Amino acid sequence: KAIPPLRRKGRSRSLADVLNNHGDCLKNVGRGAEAERVFQESGRILEQLALNNIVPHLNLVICQLRVGRYEEARDTTHDVERSATGIYAPLAILSRTICNAALGDLSAVERELAPAVERIRNAQLVDPDIVWLAEHAADALARHASAPRARDLQVAFLYLAGEQLGLLAAHAGVERLT
């Protein structure tokens, strides 16, 4: 309901934020194509306002991952990482490890996973999207089970997912949503 009145007022930070939240809802109920369009619009508005558009781009990466567009998602993570600050860079790197796991580039996963997880832990970042990303990576690695270290990497991702779920539950009394 908030989007039409905000659209009438013109492009604004508020419109971009509401669009990003709307896209997040669409993403979480499986309406990925719609979510992508909304995240792209939110990102464009923020860019036109010379504001940071990292959050909608990270959400766009998750949409791309959900439909198996791993190369495209990997490219987007590089774009995000170049302009990301704070907690957003390790999220971009974590997202890229999922792309690399799905594409079978386990040496890239080994190289990037531990530093990304360390930065997430140091920032005390807790986010349901991290759970999904980690579980998705573990599933992708299951397809490469015969590769050396694939099982260890899979366990590391599952540990991260469990750790995040525990922190979510401790902080907010949240039970598993997906």
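Residues numbered from 1 in each chain as written. Predicted model: local features only at pLDDT ≥ 70, side-chain atom pairs only at ≥ 80, totals over all residues. Heavy atoms only, no water.

Novice: How should the environment of Ala-33 be read in this particular structure?
Specialist: Here Ala-33 is to be found in helix α3 (residues 32-48). Given the relative accessible area of 49%, Ala-33 is considered partly exposed. Between the C-alpha atoms of Ala-33 and Pro-90, which are 57 residues apart in sequence, the distance is 25 Å. (Helix = DSSP H or I, 4+ residues; strand = E, 2+ residues; numbered from the N terminus. Buried < 20%, exposed > 50% of the residue type's maximum accessible area, 1.4 Å probe, protein only.)

Novice: Sorry, what's going on with the nonpolar core here?
Specialist: Generally speaking, soluble globular proteins have nonpolar side chains that are buried together. Within the largest apolar cluster, 40 residues are counted, with the highest numbers of intra-cluster contacts made by Leu-65, Leu-94, Ile-98, Leu-113, Ile-130, Leu-133 and Phe-157. Every element with two or more residues in this core is listed here: α4 (54-66), α5 (70-83), α6 (88-102), α7 (106-122), α8 (128-142) and α9 (150-172). Apart from residues lying up to four places away in sequence, Phe-157 is in contact with Leu-94, Thr-97, Ile-98, Val-109, Leu-113, Ala-134, Ala-137, Ala-138 and Leu-141. One finds Leu-19, Ala-35, Ile-45 and Cys-63 within the second-largest nonpolar core, a separate group that totals 13 residues. (Core = buried A, V, L, I, M, F, W, Y, C linked by side-chain atoms within 4.5 Å. Contact = heavy atoms within 4.5 Å.)

Novice: Is there a simple way to explain the pattern of salt bridges in this structure?
Specialist: Side chains that differ in charge, positive against negative, can pair when their charged atoms come close. For the coordinates displayed, the defined rule picks out 12 salt bridges. A salt bridge links Glu-163 to Arg-121; the shortest N-O distance between them is 2.8 Å. One end of the pair, Glu-163, is in helix α9; the other, Arg-121, is in helix α7, with 42 residues separating them in the sequence. Judged by its relative accessible area of 38%, Arg-121 is partly exposed. Through salt bridges with shared partners, a single ionic network connects Asp-24, Lys-27 and Asp-129. (Salt bridge = Lys/Arg side-chain N within 4 Å of Asp/Glu carboxyl O.)

Novice: Sorry, what's going on with the environment of Ile-62 here?
Specialist: Within the fold, Ile-62 resides in helix α4. Judged by its relative accessible area of 4%, Ile-62 is buried. Between the C-alpha atoms of Ile-62 and Arg-111, which are 49 residues apart in sequence, the distance is 21 Å.

Novice: Help me understand the packing of α4 against α6, please; the structure alone is not making it clear to me.
Specialist: Helix packing for two helices is described by the angle between their axes and how far apart those axes are. Closest axis-to-axis distance for the α4/α6 pair is 11 Å, and the angle between their directions is 15°. Compared by their axis directions, α4 and α6 come out roughly parallel. Crossing of α4 against α6: the hand is left-handed. Seen from α4, the contacting residues are Ile-54, Val-55, Leu-58, Val-61 and Leu-65; seen from α6, they are Tyr-88, Leu-91, Ala-92, Ser-95, Ile-98 and Cys-99. When grouped by side-chain class, the residues that make up the contact of α4 with α6 number 10 nonpolar, one polar and no charged. (Axes fitted to C-alpha atoms, helices over the stretch in contact; angles between N-to-C directions. Parallel < 35°, antiparallel > 145°, perpendicular 65-115°, else oblique. Left-handed = near helix turned anticlockwise from the far one by under 90°. Nonpolar A, V, L, I, M, F, W, Y, C, P; charged D, E, K, R; others polar.)

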